[in-house]
Amino acid sequence: MWSGPRNLSTAMMYSFAARGDCAVVDEPFYAAYLALSGLPHPMRAEILAAQPNDPAGVAEALLARVEQPVFYAKHMTHHMLPGVPRDWMAACRNVFLIRHPARVVASYARKREAPTLADIGFVQQAELFDEVADRTGAAPVVVDSADIRADPAGALMALCAAIGIPFTERMLRWPRGPKPFDGAWAPHWYGAVHRSTGFDGAEEALPRLEGAYARLAEEALPYYEKLAACR
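No experiment lies behind these values; they were computed from the predicted model shown.

(A) Inspection of the pattern of salt bridges at higher detail. One pass over the structure, following the stated rule, counts ten salt bridges. For Lys74, the salt bridge identified is with Glu27, shortest N-O distance 2.9 Å. Of the two residues, Lys74 sits in strand β3 (residues 70-76) while Glu27 sits in the loop between β2 (22-26) and α2 (30-37), which places them 47 residues apart along the sequence. The exposure class of Lys74 is buried, given its relative accessible area of 1%. Of the residues examined, Glu27 reaches a relative accessible area of 7% and is grouped as buried. A single network of salt bridges, built from pairs that share partners, joins Arg99, Arg103, Arg149 and Glu203.

Dropping the structure here:
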């Protein structure tokens, strides 16, 4: 599952984990991304200590066998820097989780100041979408977070059908609080989803952004619209 940050991605991971037949992994390339980029993200030291820093080793581990019938990997598109292996992606069903950039920017800015276009992953998401299509010969599945929140059961039924697994209503609820599979960064980023037990209701009108934040959302919009046309 490929998304940018602040994009319902953790709730979707919790949804799949709640199935009962699914192992999950939370942003396995995060430490490798920090090691390669040198960026000063919140909890940087803890993340680097908690995960492998070698992206080739991470990619190899993603293709290892798991005991559960379904294996769900939550990925951030901006983690796939040049030099990070991508050939393993052809062995997976790749799904792209999208959200309107105005919502992403507004949410991200509350957790980390002055995000850039590279931070929010829209350009990388469009590039990865094209790369997966080229590698597999078919357009990947796209699901919009707004559609999930408006109709969780209907959207998840359609998603499960598209990737060839059965839908279960267990995907609609999960226990409140931290999860054992949360990444080391969860204390900074996951406060709201830890208070949840299911998907929130339909989203309200787009937030009003000003200045640099409005310009950032406008820059990201064409990349979002490209994938939204395929959702």
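(B) Representation of the packing of helix α1 (residues 9-17) against helix α9 (residues 152-163). Between α1 and α9, the shortest axis-to-axis distance is 13 Å and the interhelical angle comes to 70°. With respect to α9, the axis of α1 lies roughly perpendicular. Between α1 and α9, the contacting residues are Met12, Ser15 and Phe16 on the first element and Leu156, Leu159 and Ile163 on the second.

Calculation criteria
- Residues numbered from 1 in each chain as written.
- Predicted model: local features only at pLDDT ≥ 70, side-chain atom pairs only at ≥ 80, totals over all residues.
- Heavy atoms only, no water.
- Salt bridge = Lys/Arg side-chain N within 4 Å of Asp/Glu carboxyl O.
- Helix = DSSP H or I, 4+ residues; strand = E, 2+ residues; numbered from the N terminus.
- Buried < 20%, exposed > 50% of the residue type's maximum accessible area, 1.4 Å probe, protein only.
- Axes fitted to C-alpha atoms, helices over the stretch in contact; angles between N-to-C directions.
- Parallel < 35°, antiparallel > 145°, perpendicular 65-115°, else oblique.
- Contact = heavy atoms within 4.5 Å.

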